[in-house]
Protein chains: 2
Amino acid sequence: MSVTTAKGFEASGVAAGLKSTGAPDVALVVNRGPSAAAAAVFTSNRSKANPVIWSQQVVADGVVRAVVLNSGGANCFTGSFGFQTTHLTAEAVGDALGVSAGDVVVCSTGLIGTGDQVFRDRVISGSRDAAAALDDGGGNDAATAILTTDSHAKQAVVERDGWSIGGMAKGAGMLAPGLATMLVVLTTDADVPSDLLDRALREATCVTFDRLDSDGCMSTNDTVVLLASAASGITPPQLEFTAAVTELCSQLATLLQQDAEGSSHDIDIEVTGAHSETDAVEVGRSIARNNLFKAAVFGNDPNWGRVLAAIGTTTAEFDPYNVDVSMNGVRVCSEGAPDRPIDEVDLSPRRLHVLVGLNVGAATATIRTNDLTHDYVHENSAYSS
Amino acid sequence: MSVTTAKGFEASGVAAGLKSTGAPDVALVVNRGPSAAAAAVFTSNRSKANPVIWSQQVVADGVVRAVVLNSGGANCFTGSFGFQTTHLTAEAVGDALGVSAGDVVVCSTGLIGTGDQVFRDRVISGSRDAAAALDDGGGNDAATAILTTDSHAKQAVVERDGWSIGGMAKGAGMLAPGLATMLVVLTTDADVPSDLLDRALREATCVTFDRLDSDGCMSTNDTVVLLASAASGITPPQLEFTAAVTELCSQLATLLQQDAEGSSHDIDIEVTGAHSETDAVEVGRSIARNNLFKAAVFGNDPNWGRVLAAIGTTTAEFDPYNVDVSMNGVRVCSEGAPDRPIDEVDLSPRRLHVLVGLNVGAATATIRTNDLTHDYVHENSAYSS
């Protein structure tokens, strides 16, 4: 049930003193092979953290032997000193494992702008400790060490005939991935070359993490890495492999949504009848980012007027007077006018299904978000102080 | 200090029973001439309320004799019945004043989806009462009758040599005008034809209301109307007139910002050194819509990392490692790295000035927003229940 479920992987998680609580904060995942094929997607935020800039180069040749991750500091906007810290971290891991630093992906998460000499010293010594603690059952320790405001470790596994794929994820705020999500490491013992890993990973993240939009705020550090050890000796058909990666990413995205900062509702916005999938995604995202709608859901108020007001700000093809909206199965708006009374909608469950019918085409997409709560404001007004 | 300050105007505000509190909820502003020149801008939300659809036609010929406004119901997404209600309201006002219904602008604000027979009856009888209550000192009554969640009436006047221009505004939430803002009526006794009114109004709103982005949520009902009576007999130079309209709009926009729902800070985001004004506006708006940054300001946390993360989601020309950020005069970030310690920033005043230097050009723009607070979530989770 972790990144060490697939054969050929070891992992660890240690406390390096980056978190003031003394909780574990450095994780390491190592691919022992025989293959070291890998693919990754990164944030599309143009303000990228140092570890993202580094890791984009590492993964370019399709070979990754280790991923070192720290919580307790994003190492973003920390100047050339911060980039050097990332480089030195990869070198420390490479030295300890006897591999090239150029095959070590680095991921960081925490407050932007933190990354001084103390941070550097602790990350590097923590990375060495993590290398010494590697274990083929260490997946759970690694998943714990990457958490920040997450309330629990997030792991999932998809088992197939003779091979498997597992993963861990962290992320609770700044959760609106562009081409990726927060920190995610996926491992498989299938024998898949890096170009096919890349294709499968992009197809999977495009319909899973990319459609998670908890708070509209895109991170500077988002990274999803997929490592393949080939230790199973099995090469699954590409379609089957992509489906498995997609299923795993979807499970992890659900875990992220359910643990989003301060949230009291998981809102799945299913847009149907769109002219194109692009239109469906734009409409879903616009609703997912509408603070008034999100606050209404927090107040158990099925405020469909705010849904329509959000749709009106998009460039999607639609007629305001031919839009239908249902919430948890109750059609509250038909053809842009009130339908069933809103008090028929039960918003007490954590999950809310919003079904939007644009009635102009056949394309669909589902965007997953959360409500806007007192606790979200509280957590994010107090985070760095 | 109101829409009746300029010569040639009468106004009134009455209670028609639309608000459960019994507070005034129907306002009327009438231009007695000699000129009836007018211009207006409306929401760019593609989901438009019935009064907007009606009023866009009314103002097309540049002649408006009266503006009737109701709070207590947006009359948006209320079907053809709702459009008919708007039409009947204009006819009631036209009959009472002896003018054509086609010269009566209608504005509504309140909950989307409300507009039944009871609403219709009360709006129409309230409009007749308002016509009977018209007074050349009635501006304050009108400004009070258009409020919803606003805590107080918002009015301003700009006086010039021999002529003046005054206005009233309402708006506290769903406050991110596209090409307009919430409900605003401006009156002048200058003698200006409708095409020049239109040009002045568009130039003014473009740099005032359009740059107010309190909560990123664009309304379906935004309307700004400018009426000119020519009662002063003076035709000011166009540049002077536009400057006066802009100054008035800016004052009203400030009043809206200061009364935004639940806010504890007014945040002015001044973007400098941009390649173009469009870039500067996009960057400012992206920061203004970043919930994490807005929550941090609520917590008196000068979290500049969230500012840079927001800039990275734009298409504007910039180099993440050549961006400067100051807050209330303290430069916390230089060239994408930490500068002064953040505890030097005093966020205790209500106003926060965020200065962003993109260092790639000479264009600037200022976007005005508010912080994200517990009270915002509270007000908007309880609004329609």
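Values in this document were obtained by computation on a predicted structure and should not be read as measured data. (Residues numbered from 1 in each chain as written. Chains lettered and ligands numbered in written order. Predicted model: local features only at pLDDT ≥ 70, side-chain atom pairs only at ≥ 80, totals over all residues. Heavy atoms only, no water.)

### Remarks on the overall build of chain A
1) Next: Tallying secondary structure elements over chain A gives 10 helices and 15 strands in all.
2) Next: Relative to the globule expectation of 21 Å for 385 residues, the C-alpha radius of gyration of chain A, 21 Å, shows essentially globular dimensions.
3) Next: When the backbone C-alpha atoms are referred to their principal axes, chain A occupies close to 65 × 50 × 30 Å.
4) Next: When contacts within chain A are restricted to residue pairs at least 6 apart in sequence, those whose partners lie at least 24 apart make up 80%.
5) Next: Put simply, chain A has 24 plus and 46 minus side-chain charges, and the middle of one group is 3 Å from the middle of the other. (Helix = DSSP H or I, 4+ residues; strand = E, 2+ residues; numbered from the N terminus. Rg over C-alpha atoms; globule rule 2.2 N^0.38 Å. Contact = heavy atoms within 4.5 Å. Lys, Arg positive; Asp, Glu negative; His and termini not counted. Charge placed at Lys NZ, Arg CZ, Asp CG, Glu CD.)

### Digging into helix α10 (residues 374–381) of chain A
All names here are of chain A.
1) Next: When we look at burial in α10, the residues that qualify are Tyr376, Val377, Asn380 and Ser381. All buried residues of α10 lie within an arc of 115° about the axis, which places them on one face of the element.
2) Next: Two to three positions downstream of the cap, the backbone nitrogen of aspartate 375 sits 3.2 Å from a side-chain oxygen, assigning the N-cap of α10 to threonine 373. (Buried < 20%, exposed > 50% of the residue type's maximum accessible area, 1.4 Å probe, protein only. Arc of directions from axis to C-beta. Polar contact = N/O pair within 3.5 Å; in protein donor to acceptor, adjacent residues only side chain to side chain.)

### Topic: the sheet that holds strand β10 (residues 266–274) of chain B
The pairing of strands in a sheet comes from backbone hydrogen bonds and takes either a parallel or an antiparallel form.
Residue and element names in this part refer to chain B.
1) Next: Here we have 6 strands laid out as an open sheet, ordered β13-β12-β11-β14-β10-β15, and mixed in their pairing. Strands at the two margins of the open sheet, each flanked by one partner only, are β13 (337–338) and β15 (363–370).
2) Next: Direction of pairing for strand β11 (residues 324–327) relative to strand β12 (residues 330–334): antiparallel, over a ladder of 3 bridges. Looking at β12, one finds that methionine 327 is bridged to valine 330. (Pairing = 2+ DSSP bridges.)

### A word on the pattern of salt bridges
Residues and elements named next belong to chain A.
1) Next: Applying the stated criterion across every chain, the model contains 24 salt bridges over all chains.
2) Next: Among the salt bridges present, the one from lysine 154 reaches aspartate 150, with a minimum N-O distance of 2.8 Å.
3) Next: The exposure class of aspartate 150 is buried, given its relative accessible area of 8%.
4) Next: When salt bridges that share partners are traced, they join Asp150, Lys154, Lys170 and Asp259 into one network. (Salt bridge = Lys/Arg side-chain N within 4 Å of Asp/Glu carboxyl O.)

### Re the sheet that holds strand β4 (residues 66–70) of chain A
Residue and element names in this part refer to chain A.
1) Next: The strand order across the open sheet formed by 4 strands is β1-β2-β4-β5, and the pairing between neighbours is mixed. Lying at the two open borders of the sheet, with one neighbouring strand each, are β1 (9–14) and β5 (104–108). Each strand of the sheet is rotated relative to its neighbour by a mean of 10°, with strand direction disregarded.
2) Next: Strand direction decides the pairing type here: strand β2 (residues 26–31) and β4, joined by 5 bridges, are antiparallel. Across the sheet, residue leucine 28 finds its bridge partner in β4, namely valine 68. (Axes fitted to C-alpha atoms, helices over the stretch in contact; angles between N-to-C directions.)

### Re the domain arrangement of chain A
Residues and elements named next belong to chain A.
1) Next: Assigned domains of chain A: these are domain 1 (9–258) and domain 2 (266–381).
2) Next: Taking only C-alpha atoms into account, the centre of domain 1 sits 32 Å from that of domain 2.
3) Next: Between domain 1 and domain 2, the residue contacts involve 15 residues of the former and 18 residues of the latter.
4) Next: Considering only the surface of domain 1 that becomes buried against domain 2, Arg211, Asp213 and Gln257 emerge as the three largest contributors, covering 53% of it.
5) Next: Our enumeration of links across domain 1 and domain 2 arrives at 0 salt bridges.
6) Next: Split by residue class, the side of domain 1 that touches domain 2 holds 4 nonpolar, 7 polar and 4 charged. (Domains from an automatic or database assignment. Buried area = accessible area lost by both parts, 1.4 Å probe. Nonpolar A, V, L, I, M, F, W, Y, C, P; charged D, E, K, R; others polar.)

### Section: the relation of the copies chain A and chain B
Put simply, the two copies of the chain differ by a rotation about an axis and a shift along that axis.
1) Next: Note on the identical chains: chain A maps onto chain B by a rotation of 180° and an axial translation of 0.0 Å, with an RMSD of 0.1 Å. These values place the two chain copies in the arrangement generated by a two-fold rotation axis. Considering only C-alpha atoms, the residue of chain A closest to the rotation axis is histidine 374 of chain A, which sits at 2.6 Å.
2) Next: Both copies present the same face, since 100% of the interface residues in chain A are matched by interface residues at the equivalent positions in chain B. (Least-squares fit on C-alpha atoms with pLDDT ≥ 70 in both.)

### Some remarks on the pairing of strand β8 (residues 183–188) of chain B
Residue and element names in this part refer to chain B.
1) Next: Within β8, 6 of the 6 residues are buried, which leaves it mostly tucked inside the rest of the structure.
2) Next: Relative to β8, strand β7 (residues 163–169) is paired through 5 bridges, and the arrangement is antiparallel. Its bridge partner being in β8, isoleucine 165 is matched across the sheet by threonine 188.
3) Next: Note that β8 and strand β9 (residues 223–228) share 6 bridges and pair parallel. Among the inter-strand pairings, threonine 188 is bridged to a residue of β9, identified as alanine 228.
4) Next: The parallel pair β8 and β9 is bridged by helix α5 (residues 194–206), and the resulting crossover is right-handed. (Right-handed = clockwise from strand over helix to strand, strands pointing away.)

### Observations regarding the interface of chain A and chain B
Put simply, an interface is often sized by how much accessible area is lost when its parts join up.
1) Next: Contact with chain A, which involves 54 residues of that partner, is made by 54 residues of chain B.
2) Next: Counting the surface lost from both chain A and chain B, the interface buries some 4,300 Å², and carbon and sulfur atoms represent 59% of this.
3) Next: For chain A, the biggest contributors to the area lost against chain B are Arg46, Phe77 and Leu292 of chain A; these three give 17% of the whole.
4) Next: On inspection of chain A and its partner chain B, the count reaches 16 residue pairs in polar contact (both at pLDDT 80 or more).
5) Next: Elements with a minimum of two residues in the side of chain A that touches chain B: α1 (50–58), α8 (291–298), α9 (304–311), β13 (337–338) and α10 of chain A.
6) Next: A per-element tally of the side of chain A that touches chain B places α10 of chain A first, with 6 residues.
7) Next: In terms of residue class, the side of chain A that touches chain B is made up of 24 nonpolar, 24 polar and 6 charged.

### A look at the confidence of the model for chain A
In low-pLDDT regions, the fine details of the predicted coordinates are not to be read closely.
Residues and elements named next belong to chain A.
1) Next: Mean pLDDT over chain A stands at 89; residues scoring 70 or higher make up 97%.
2) Next: Of all the helices and strands in chain A, strand β9 (residues 223–228) carries the lowest mean pLDDT, 84, while helix α3 (residues 117–132) carries the highest, 97.
3) Next: Both scores are available for the predicted complex, with the pTM at 0.81 and the ipTM at 0.79. (pLDDT = per-residue confidence, 0-100.)

### What to know about helix α7 (residues 277–288) of chain A
Residues and elements named next belong to chain A.
1) Next: Compared with the 16 Å implied by 1.5 Å per residue over 12 residues, the 16 Å span of α7 between its first and last C-alpha is a close match.
2) Next: The buried fraction of α7 amounts to 9 of the 12 residues, a majority that puts the element mostly inside the structure.
3) Next: Along α7, the positions that sit buried rather than exposed are Asp279, Ala280, Val281, Val283, Gly284, Arg285, Ser286, Ile287 and Ala288. (Expected span 1.5 Å × (residues − 1).)

### Considering unusual backbone geometry
Backbone geometry follows two general trends: most residues other than glycine have a negative phi, and most peptide bonds adopt the trans configuration.
1) Next: Cis geometry marks the peptide bond from glycine 33 of chain A to proline 34 of chain A, where omega comes out at 20°.
2) Next: The residue glutamate 335 of chain B is not glycine, and still its phi comes out positive at about 50°.
3) Next: Structurally, the position occupied by glutamate 335 of chain B is in the loop between β12 and β13.

### Some words on the pairing of strand β3 (residues 37–42) of chain A
Along a regular strand, successive side chains alternate from one face of the sheet to the other.
Residue and element names in this part refer to chain A.
1) Next: Among the 6 residues in β3, 6 count as buried, and that is most of the element.
2) Next: In this structure, β3 lies alongside β9, joined through 6 bridges in antiparallel fashion. When the bridges of β9 are listed, alanine 39 appears paired with leucine 226.

### With respect to the packing of helix α7 (residues 277–288) of chain B against helix α9 (residues 304–311) of chain B
Residues and elements named next belong to chain B.
1) Next: Between α7 and α9, the shortest axis-to-axis distance is 8 Å and the interhelical angle comes to 130°. It follows from the interaxial angle that α7 and α9 lie oblique. Of the two elements, α7 crosses α9, and the hand of that crossing is right-handed. For the pair formed by α7 and α9, the contact residues are Val283, Ser286 and Ile287 on the first element and Val307, Ala310 and Ile311 on the second.
2) Next: Among the residues making up the contact of α7 with α9, the classes are represented as 5 nonpolar, 1 polar and no charged. (Parallel < 35°, antiparallel > 145°, perpendicular 65-115°, else oblique. Left-handed = near helix turned anticlockwise from the far one by under 90°.)

### Description of the environment of valine 297 of chain B
1) Next: Locating valine 297 of chain B in the fold gives a position in helix α8 (residues 291–298).
2) Next: The contacts of valine 297 of chain B, once residues within four sequence positions are left out, are His265, Ile267, Leu352 and Asp371 of chain B.

### Here we look at the state of the cysteines
Residues and elements named next belong to chain A.
1) Next: Here the structure, examined in full by the defined rule, presents 0 disulfides over all chains.
2) Next: Free cysteine cysteine 107: the closest other cysteine sulfur is in cysteine 76, separated by 13 Å.
3) Next: Residue cysteine 107 is classed as buried on the basis of its relative accessible area of 2%. (Disulfide = S-S within 2.5 Å.)

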